[in-house]
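This is what each chain is made of:
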Amino acid sequence: MAWDFETDPEYQRKLDWVAEFVRTEVEPLDLLYPNPYDRTNPEISALMRPLQQQVKDQGLWACHLGPELGGPGYGQLKLALLNEVLGTSMWAPLVFGCQAPDSGNAEILAHFGTAEQKEKYLQPLLDGEIGSCYVMTEPTGGSDPTAFRTTAVRDGDEWVINGEKWFNSCAEFATFHIVMVVTDPDAEPHLRLSMFIVPADAPGLELVRNFTVPGFSEHEGHLRFTDVRVPADHLLGAEGAGFVVAQTRLGGGRVHHAMRTVALVRKAFDMMCERAVSRPARKGVLGGFQMTQERIADSWIQMEQFRLLVLRTAWRIDQAQDYRAVRKDIAAIKVAMPTVMNDIARRALHLHGALGVSTDLPFLDMTTYAEVMAIADGPTEVHKITLAKEVLKQYAPADPVYPTGFRPALREQARDLVARRLEREVGNL
């Protein structure tokens, strides 16, 4: 029986290097350049390139991709442990070539892109030369693809796209978009949609405005498509396979978001504990009060439970090699993620008093992040439904009046069992 909570020593050494590198070389940049996605900023490029080269020298560049695409091809468990370190910094994922939305878009292109698409879009994306955007949610349909209204209609050798999408992260800085649209409104709900590559400079594509999410992003784009034409060969996967293509990026992405959340949760927890042993209060420090001790105990339990759930989910993905087989687990970590983040960040904030609600500490950003995680990649409520449905599949119906735990019936069964045993024992005397 294999049962081990240790990381192999060689990989642990790599994680130790990452932790020190991120702490000393990367995190300071977050304080001066909170938006590392703007590749037109020469200062950002000048700072980013040497850091990325150090990561490449360590063999840790784009770890979610296989060797044929320039990455080591790590499984989800190793990726989860890596993302747990990277989650404290906005810069870190870009420095390591695994930033959203580019990492998920690269996986889509790797799985479904043609040779020409990979040459034109994937390789520059992997090299960090360009950025991309994942365009899915809509003003009226939210994140429910079955309610989408943006359409693509075939016209000879082109598709013509019309509609609106919003809260598209980093659309302003993208060279191309991967867009989910309706191609057959009369088909079954999960066969109505297709995925396309749309160049950012395509005529008719307009960035209407950017939404600001305080403490998270100022670049959540509202895009309008007005007779936007794309070549027929910019279709990703088969026509009507938009759901299948989307799951290539969403399953792993949710695990990575969860482990990066673990990193932020641990940061909030460490700050809370530091405050508890530092802040004078009456004849001691805050940590001497039972209410503070209760908050620390509750937070530690929540944090460790969540981390283990995420790691087990990543391990199960590696074992199954199929996100669909682990839908229940992925839904569970998606549901738990915002609650754990919000609870611990809020406790840490309260322990820091007035300073905690200021922008000089990160706790308000953390609580905002918790709400973002409750909405991104599908709202919490949808994942609760998925989780419940997957759990209920494991159970068979029983008598609708008397359940299997009905004690009088169980007692009769027990009497019969004991009577047979006694009869057998007496017969053997």
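Given the structure is predicted, the values throughout are model-derived calculations rather than measurements.

Caption draft 1: Representation of the packing of aromatic side chains. Inspection of every chain in the model, using the stated rule, returns 11 aromatic pairs. Ring plane angle 80 degrees and centroid distance 5.3 Å describe the contact between Y11 and Y74, whose orientation is recorded as edge-to-face. Of this pair, Y11 sits in helix α1 (residues 9-32) while Y74 sits in the loop between α2 (42-57) and α3 (76-86), placing them 63 residues apart in sequence. For the pair Y11 and Y74, one class covers both residues: buried. With a centroid separation of 4.6 Å and 10 degrees between ring planes, the pair formed by W17 and F21 is classed as stacked. Placement of the pair is W17 and F21 together in helix α1, with a separation of 4 residues, close to one helical turn. The exposure class assigned to F21 is buried, which follows from its relative accessible area of 4%. Through successive ring pairs, a cluster of aromatic residues spans W17, F21 and F96. One residue, K165, lies across the ring of F148, its end atom 4.0 Å from the ring centre.

Caption draft 2: A look at unusual backbone geometry. Looking along the chain, the bond that leaves A100 and enters P101 is cis, with omega of 0 degrees. Mapped onto the fold, P101 is located in the loop between α4 (91-95) and α5 (102-112). Phi is positive for F167, close to 55 degrees, though the residue is something other than glycine. Looking at the element boundaries, F167 is found in strand β3 (residues 158-169). F167 sits in the partly exposed class, given a relative accessible area of 36%. Of note in the backbone geometry, C170 takes a positive phi value of approximately 65 degrees without being a glycine. Looking at where C170 falls in the secondary structure, it is placed in the loop between β3 and β4 (176-182). According to the relative accessible area criterion, C170 is buried, its value standing at 9%.

Caption draft 3: Expanded view of a nonpolar patch on the surface. Residues W3, F5 and L308 make up a contiguous nonpolar surface patch of roughly 420 Å² in combined accessible area. The residue L308 is located in helix α8 (residues 290-320) in this model.

Caption draft 4: Up close: the environment of E304. With respect to the helices, strands and loops of the structure, E304 is situated in helix α8. In this structure, the C-alpha to C-alpha distance between E304 and R266, residues 38 residues apart in sequence, is 9.5 Å.

Caption draft 5: Structural detail: the UniProt feature "domain: Acyl-CoA dehydrogenase/oxidase N-terminal" (unreviewed entry) in the chain. When the UniProt feature table is mapped onto this chain, "domain: Acyl-CoA dehydrogenase/oxidase N-terminal" (unreviewed entry) is found at residues 10-129. Its end C-alpha atoms 31 Å apart, residues 10-129 is made of 65% helix and 0% strand.

About the cut-offs
- Residues numbered from 1 in each chain as written.
- Predicted model: local features only at pLDDT ≥ 70, side-chain atom pairs only at ≥ 80, totals over all residues.
- Heavy atoms only, no water.
- Phe/Tyr/Trp six-rings, centres within 6.5 Å; stacked < 30°, edge-to-face > 60°.
- Helix = DSSP H or I, 4+ residues; strand = E, 2+ residues; numbered from the N terminus.
- Buried < 20%, exposed > 50% of the residue type's maximum accessible area, 1.4 Å probe, protein only.
- Lys NZ or Arg CZ within 6 Å of the ring centre and 35° of its normal.
- Patch = residues over 30% accessible without salt bridge, like charges linked within 9 Å, V, L, I, M, F, W, Y side chains within 5 Å.
- Areas by Shrake-Rupley, 256 points an atom, 1.4 Å probe, with all protein chains shown as cover.
- Salt bridge = Lys/Arg side-chain N within 4 Å of Asp/Glu carboxyl O.
- UniProt positions renumbered as here; feature names shortened; annotations may be inferred.

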